[in-house]
Amino acid sequence: MTSSTPAVKRYTRRLLWAFGVYVLALFGANWIDHAYHPKGGTLIALSIVPALPILALITIIGRYLVEERDEFLRQRIVTCMLFGTGVLLGAGTVYNFLSGSGAIDPMPRLWVFPIWCFSYGAAQCFLGLRDRFAGQPA
């Protein structure tokens, strides 16, 4: 995002908070799992804990779309979200066919959201660079 609208500032603050909680939840849950080897309902609850900040991150991105009044910025975020979703769906489809046939080993599902985030961020970088060099001779 190239602007510092009030919505961007709130989005950034919320995003940093949620990522911090995610890191703490992930490391905490892994530590508890390795130290105490919980079973049953405790293990289920412990497994869900790191997913809650991810759900918060998805909500934060959606909330930014609602709060942002600059239509150009909103359209860019939607474009980046669609790009991230397309990359994730495409990569997931190819990967599932490869792992389903036994050509490669299955990958932990832990990577699904980071792949989407990386693709989303890459699209933002690309659009920012494209805009920065727009109008410049090739």
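(A) Representation of the overall build of the chain. Counting secondary structure elements, the chain contains five helices and zero strands. Reading the chain from its N terminus to its C terminus gives the helix and strand order α-α-α-α-α. By principal-axis analysis of the C-alpha atoms, the chain measures approximately 60 × 40 × 20 Å. Taken across its 138 residues, the chain has 25% of its residues classed as buried.

(B) Broad picture of the packing of aromatic side chains. Applying the stated criterion across every chain, the model contains four aromatic pairs. For the ring pair Phe113 and Trp116, a centre distance of 6.0 Å and an interplane angle of 15° mean the geometry is stacked. Within this pair, Phe113 and its partner Trp116 are both found in helix H5 (residues 112–132), separated by three residues, close to a single helical turn. For the pair Trp116 and Tyr120, a centre-to-centre distance of 4.9 Å together with 15° between the ring planes defines the contact as stacked. Placement of the pair is Trp116 and Tyr120 together in helix H5, with a separation of four residues, close to one helical turn. When sorted by exposure, Trp116 lands in the same class as Tyr120, which is buried.

(C) Focus on the layout of surface pockets. When its volume is computed, the largest pocket comes out at roughly 270 Å³. As for the largest pocket, its lining consists of Leu88, Ala91, Gly92, Tyr95, Asn96, Ser99, Pro106, Met107, Pro108, Arg109, Val112 and Ile115. If one sorts the elements of the lining of the largest pocket by residue count, helix H4 (residues 71–100) sits on top with six residues. Broken down by class, the residue content of the lining of the largest pocket amounts to eight nonpolar, three polar and one charged. Estimates place the volume of the second largest pocket at around 170 Å³. Lining of the second largest pocket is provided by Tyr22, Leu26, Asn30, Ser47, Pro50, Ala51, Ile54 and Leu110. Those elements that place two or more of their residues in the lining of the second largest pocket are helix H1 (6–36) and helix H3 (51–67). Take the lining of the second largest pocket: its biggest share by element is three residues, from H1. Residue composition of the lining of the second largest pocket, by class: six nonpolar, two polar and no charged.

(D) Structural detail: H1. Taking 1.5 Å of rise per residue, the 31 residues of H1 would be expected to cover 45 Å, and the 44 Å separating its terminal C-alpha atoms lies within 8% of that figure. Where H1 is buried, its residues touch helix H2 (40–48), H3, H4 and H5. Taken from the residues just after H1, His37 is the one with a positive phi, measuring 45°.

Criteria and thresholds
Residues numbered from 1 in each chain as written. Predicted model: local features only at pLDDT ≥ 70, side-chain atom pairs only at ≥ 80, totals over all residues. Heavy atoms only, no water. Helix = DSSP H or I, 4+ residues; strand = E, 2+ residues; numbered from the N terminus. Buried < 20%, exposed > 50% of the residue type's maximum accessible area, 1.4 Å probe, protein only. Phe/Tyr/Trp six-rings, centres within 6.5 Å; stacked < 30°, edge-to-face > 60°. 1 Å grid on protein atoms, 1.4 Å probe; cavity = no way out; pocket = protein on both sides within 12 Å on 5 of 7 lines; lining within 4 Å. Points joined across faces, edges and corners; volume = space filled by probe spheres on them. Nonpolar A, V, L, I, M, F, W, Y, C, P; charged D, E, K, R; others polar. Expected span 1.5 Å × (residues − 1). Contact = heavy atoms within 4.5 Å.

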